[in-house]
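Residue-level listing of the chains:
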Amino acid sequence: MPSRNDVYYFGAGPAPLPTPVLEQASKVLLSYNDSGIGITEISHRSSDANAILAHAQSSLRQLLDIPESDGPDGYQILFLQGGGSGEFSAVVYNMVSMWVAKRLKALGGDEAKLKEEVEQKMKLDYFVTGSWSLKASQEASRLVGGESVNIVTDSRKHNDGKFGVIAPTESWTQTQSEQDTVLTYYCDNETVDGVEFQSAPSGANLVADMSSNFLSRAVDVRKHAVIFGGAQKNIGTTGITIAIVSNSILPPHAEMADPKLLRKLGLPIGPVVLDWPTIAKNNSLYNTLPIFDVWIAGQVMGRLLDQSPSANPRIAGQEAESNRKAQMLYKILDESPIYHVVPDKSVRSRMNICVRVKGGDADAEKTFIKGAEARGLMGLKGHRSVGGIRISNYNAVPVAAAEKLAKYMVDFANETK
Ligand SMILES: Cc1ncc(COP(=O)(O)O)c(C=O)c1O
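Conventions and cut-offs
Residues numbered from 1 in each chain as written. Predicted model: local features only at pLDDT ≥ 70, side-chain atom pairs only at ≥ 80, totals over all residues. Heavy atoms only, no water. Domains from an automatic or database assignment. Contact = heavy atoms within 4.5 Å. Buried area = accessible area lost by both parts, 1.4 Å probe. Salt bridge = Lys/Arg side-chain N within 4 Å of Asp/Glu carboxyl O. Polar contact = N/O pair within 3.5 Å; in protein donor to acceptor, adjacent residues only side chain to side chain. Helix = DSSP H or I, 4+ residues; strand = E, 2+ residues; numbered from the N terminus. UniProt positions renumbered as here; feature names shortened; annotations may be inferred. Pairing = 2+ DSSP bridges. Axes fitted to C-alpha atoms, helices over the stretch in contact; angles between N-to-C directions. Buried < 20%, exposed > 50% of the residue type's maximum accessible area, 1.4 Å probe, protein only.

Caption draft 1: Fine view of the domain arrangement of the protein chain. Domains assigned within the protein chain are domain 1 (48-296) and domain 2 (315-416). The centre of domain 1, based on its C-alpha atoms, is set 31 Å off from the matching centre of domain 2. Facing the 23 residues of domain 1 at the interface are 20 residues of domain 2. In total, about 1,700 Å² of surface goes out of reach between domain 1 and domain 2, with carbon and sulfur atoms giving 50% of it. On the surface where domain 1 and domain 2 come into contact, there are one salt bridge. Between glutamate 196 and arginine 350 there is a salt bridge; the shortest N-O distance is 2.7 Å. Our count for the contact surface shared by domain 1 and domain 2 stands at 13 residue pairs in polar contact (both at pLDDT 80 or more). Where the side of domain 1 that touches domain 2 is concerned, the elements lending two or more residues are helix H2 (47-64), strand E6 (189-190) and strand E7 (195-196).

Next up, the structure:
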């Protein structure tokens, strides 16, 4: 039976966690702070739980240089449940509500004119650059109707029906009027397709899904209205979702629409547990928060801070390591003709490296995976919707794991020909 030391895991999520964090976790599960009570047993409203929450929030603030102020320039850090998919819906509920309240005010309370605007002008802009942004845009269409969803770009139209590119800026069809734009949505890193934005696009009320590249590089937080991501790849255990939300779209700096008005307009009203103003007002403790998951995230973030005590921003050390590992792996893939990196070079993800072996030959890919597993290199199978090989190069994948995989890929290429 293999032990943890015998394997390296490259799964796409849930993903590896640092072993020291898991070792400590096994202790606190039995007794937190020598109290004799386990961490999953303590109240989410206890002082211990509050300290865990504050530590995770302040660590994230330092790592990504997230402005802290009560003014409109500040950002709230929210912990929610419902995963990245829950936020696909939350983004629509919250931002539509905020847009409606803002337009009602601008129209001097004229509900008839507002109804006209909702039907004829209101637009939610989506960049569809892979499977996850596609899903998010489909959720928006389900909630507010396809007429209100503007697909700024669909990468498949520029790449023979497949994801793998981000089309040039000139081809993007963003909603021209900022006033009509409820949100501009993009997925920073497409986990299934291995496509990563090299820098954030611009747009009104910018929303980013960073589920699979959170904390792997510096982020221009100030450019965004919202950044969200599930914890289970780079940050922690499955169970919490983090949302970094600008004060400028939260009360008291912004109003939300009265649910009665939303009902009249035929617009959706989200569940209260996805309502950012409610979660922000209650410091993420509106309902029972899985504090163990927050603790894990805090431990992972604490290690990143320790790793780069003088970097600016503090995530810079991890960013350099992520880049080095990815560059090493791509170099080997580019050097051997038996490998073919699926996405275009200009949009290659540093986190999810999608590869075909021998042009997608099923036997060769099976042999590759089998050989890797024999060396303790696990979790390399591509997503079931696209097949092939996917190397997930998250933060907790050690340099030694990437080096061992690199060596295997060279050996495999030499043996296969
Ligand atoms: C980029 C991205 N967004 C959203 C999701 C959905 O997350 P969840 O499964 O937590 O709903 C995933 C899941 O892998 C993802 O990779």
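Caption draft 2: How the structure looks around the UniProt feature "domain: Aminotransferase class V" (unreviewed entry) in the protein chain. Under the UniProt annotation, "domain: Aminotransferase class V" (unreviewed entry) lies at residues 7-97 and 174-395. This span, residues 174-395, is 28% helix and 18% strand, and a straight line between its end C-alpha atoms measures 33 Å.

Caption draft 3: Representation of the sheet that holds strand E9 (residues 226-230). Pairing within the open sheet is mixed, and its seven strands lie in the order E2-E10-E9-E8-E5-E3-E4. Edge positions in the sheet fall to strand E2 (75-80) and strand E4 (149-154), since each has one partner strand and no second. Strand-to-strand twist in this sheet, taken as the mean axis angle between neighbours without regard to direction, amounts to 15°. The pairing of strand E8 (residues 206-209) with E9 spans three bridges and is parallel. Of the residues in E9, the one forming a bridge with aspartate 209 is phenylalanine 228. Sheet strands touched by helix H5 (residues 131-144): strand E3 (123-128), E4, strand E5 (181-187) and E8. Its angle to E3, the strand with the most contacts, is close to 160°.

Caption draft 4: Local environment of the pattern of salt bridges. Taken as a whole and assessed by the stated rule, the structure comprises 17 salt bridges. Here arginine 217 makes a salt bridge to glutamate 196, at a shortest N to O gap of 3.8 Å. Residue arginine 217 is found in the loop between E8 and E9, and its partner glutamate 196 is found in strand E7; the two are separated by 21 residues along the sequence. Note that aspartate 334 is salt-bridged to lysine 345, the shortest N-O span being 3.9 Å. Here lysine 345 lies in the loop between strand E11 (339-341) and strand E12 (352-357) and aspartate 334 lies in helix H9 (residues 316-335), a separation of 11 residues in the sequence. Residue classification places lysine 345 among the exposed positions, given a relative accessible area of 60%.

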